[in-house]
Amino acid sequence: MKTLFKDVVYLDGFMDRAERGDLLVSGGVIEKAKDVPAEAAEGAEIINCKGNKALLPGFVNSHTHAAMTLLRGLGEERPLKEWLEKRIWPVEACLTSEDIAVGTASAILEMAKTGTTCFADMYFEMQDVGRVALEAGMRCGLSRGIIGENEASLVDGLTLQEHFAKEDLVTVQLAPHAPYTVPFDFFKRVAKEASLRGIRLHTHFLEAPWERKQLKDELGLDPVSFLERSGILEAPGAILAHCVWLEPKEAARLANTAVTIAHNPASNLKLGSGIAPLGRFLETGASVSLGTDGAASNNRLDMWSEMRLAALLGKGAEQDPLCCRAAEVLRMATFEGAKALGFEKCGRIKEGWEADLVLVDLDQPQYIGWEPATLCHFVVYAGSAADVLGTMVSGKWVYKDGMYPSMDGPEVIRKAREARKGLRLRARSRG
Ligand SMILES: [Zn+2]
């Protein structure tokens, strides 16, 4: 299957200027960019872009809980701990595997139409999540969240790795939920398994201010000692979601390691957790990616609004318009997330790289005046998910012109609505 984008504008987070030319996708990868010989494009689906449509690398949502679409709106306007313990966990305990499958499918509808091609999902019933993602044609990093000293959840995570080992669109991570929900010895055990088996980690870290104090009070550790002694730094890779309360000098310890900070500014603001010092993190050389977190705490799964918020909030917090530049934020939303999940040659527009792409309509008033050197700024500051015309993963459309070629959108919405109703009834009858 081939697709030829004729006279398209393309841009990634490493390019100083957008390029214009033809781009040929074949066999799931970007086969040729700029000048495509006519014979190479024979038999290709042709998308005539007339210099008025842009391709960006697909967005990688590097921290979410997709099926939480079913929990959206529950327990609004509460702090993290109360929200989790009183509103979220009791309802999650009633979720069936069918609920999780349909909640994930519903999340994929939202993500695909807003240009996300890959998501890092930490939840449970992850074989179902993976199955639904693969049916839809989405790329994903899957991790079974582990809470407490839960051997069965760890085994689930390891089984997941074996189950999806041969799938090009899936990587698996081990996910101790957070230092405050997993006893330290068990956290270390999970990190050790990850190192031994060559699996990456995914965890929540320093989301709320009390987490620093708790590390100190209960373990006698500061954040850097926790990272060093837990085994996180020895793992083949790790995503630390949030890091709102990690200090920049502590983040510097993460430079030149395989650890990535997943920044989730909207969820952090909405739960009143705080503002991570993104501008300072980027200065340290630590890898930083971008995520939305779950739909119950964001409440969008929209990487466009997350990019804009990250850039604006970062500049405002530092009182420095030069930090958190548009290209850096675009890189966080694409390449950095893919790298953190262990996907190679993913997140850039380059020959030989994965054809995970978003097609954007530049024929809109908010793009009047764009130039090759400023397109990135138009995308991050003026653009929005409404500009997405199509989303492609590994050379196949998962969303195009309002349609989902591999999913029955209205049917997913109908089932998700039903699941939400059933879930509320079950949660209520449990008290
Ligand atoms: Zn989370």
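From a predicted model like this one, the values you see are computed outputs, not experimental measurements. (Residues numbered from 1 in each chain as written. Predicted model: local features only at pLDDT ≥ 70, side-chain atom pairs only at ≥ 80, totals over all residues. Heavy atoms only, no water.)

Undergrad: Please provide a residue-by-residue account of the pairing of strand β10 (residues 200-205), values included.
TA: Where burial is concerned, most of β10 is hidden: 5 out of the 6 residues are buried. Note: strand β9 (residues 170-176) against β10, 2 bridges, orientation parallel. Pairing of Gln173 across the sheet is with Arg200, part of β10. For the crossover that starts at β9, traverses helix α5 (residues 184-197) and ends in the parallel β10, the hand is right-handed. (Buried < 20%, exposed > 50% of the residue type's maximum accessible area, 1.4 Å probe, protein only. Helix = DSSP H or I, 4+ residues; strand = E, 2+ residues; numbered from the N terminus. Pairing = 2+ DSSP bridges. Right-handed = clockwise from strand over helix to strand, strands pointing away.)

Undergrad: Give a description of the coordination of the zinc ion that names residues and reports values.
TA: Coordination of the zinc ion by the protein is provided by His63 (NE2), His65 (NE2), His204 (NE2) and Asp293 (OD), with metal-donor distances spanning 2.1 to 2.4 Å. Each of the 4 donor atoms bound to the zinc ion contributes to angles spanning 83 to 174 degrees, and the resulting shape is irregular. Summarised as a motif, the one-chain spacing of the donors to the zinc ion is H-x1-H-x138-H-x88-D. Since its relative accessible area comes to 0%, His63 is described here as buried. (Donors = N, O, S within 2.8 Å, 3.2 Å for Na, K, Ca; no water. Tetrahedral: all angles 85-135°; square planar, octahedral: opposite > 155°, others 65-115°.)

Undergrad: Which residues make up unusual backbone geometry, and what are the values?
TA: The omega torsion across Asn298 and Asn299 is 0 degrees, close enough to zero to call that bond cis. Within the secondary structure, Asn299 sits in the loop between β13 (287-290) and α11 (303-318). Of note, the phi angle at Cys243 is positive, near 50 degrees, even though the residue is not glycine. You will see that Lys345, though not glycine, has its phi angle at about 50 degrees, which is positive.

Undergrad: Give a detailed account of the packing of aromatic side chains, specifying residues and quantitative values.
TA: Applying the stated criterion to the full structure yields 10 aromatic pairs. Look at Phe5 and Trp397: their rings are 6.0 Å apart centre to centre, the planes differ by 70 degrees, and that puts the pair in the edge-to-face class. In this pair, Phe5 is assigned in strand β1 (residues 2-10) and Trp397 in strand β16 (residues 396-400), connecting sequence segments 392 residues apart. The same class applies to Phe5 and to Trp397, which are both buried. Here Tyr123 and Phe124 contribute two aromatic rings whose centre-to-centre distance is 4.5 Å and whose plane-to-plane angle is 15 degrees, an arrangement assigned as stacked. A residue is classified by how much of its surface remains accessible, and Tyr123, at 4% relative accessible area, is buried. An aromatic cluster is defined as three or more aromatic residues linked by ring pairs; in this entry it consists of Phe184, Phe187, Phe205 and Phe226. Taking the ring centre of Phe343 as reference, the NZ or CZ of Arg139 above it sits at 5.0 Å. (Phe/Tyr/Trp six-rings, centres within 6.5 Å; stacked < 30°, edge-to-face > 60°. Lys NZ or Arg CZ within 6 Å of the ring centre and 35° of its normal.)

By themselves, these are just geometric observations and shouldn't be taken as functional.
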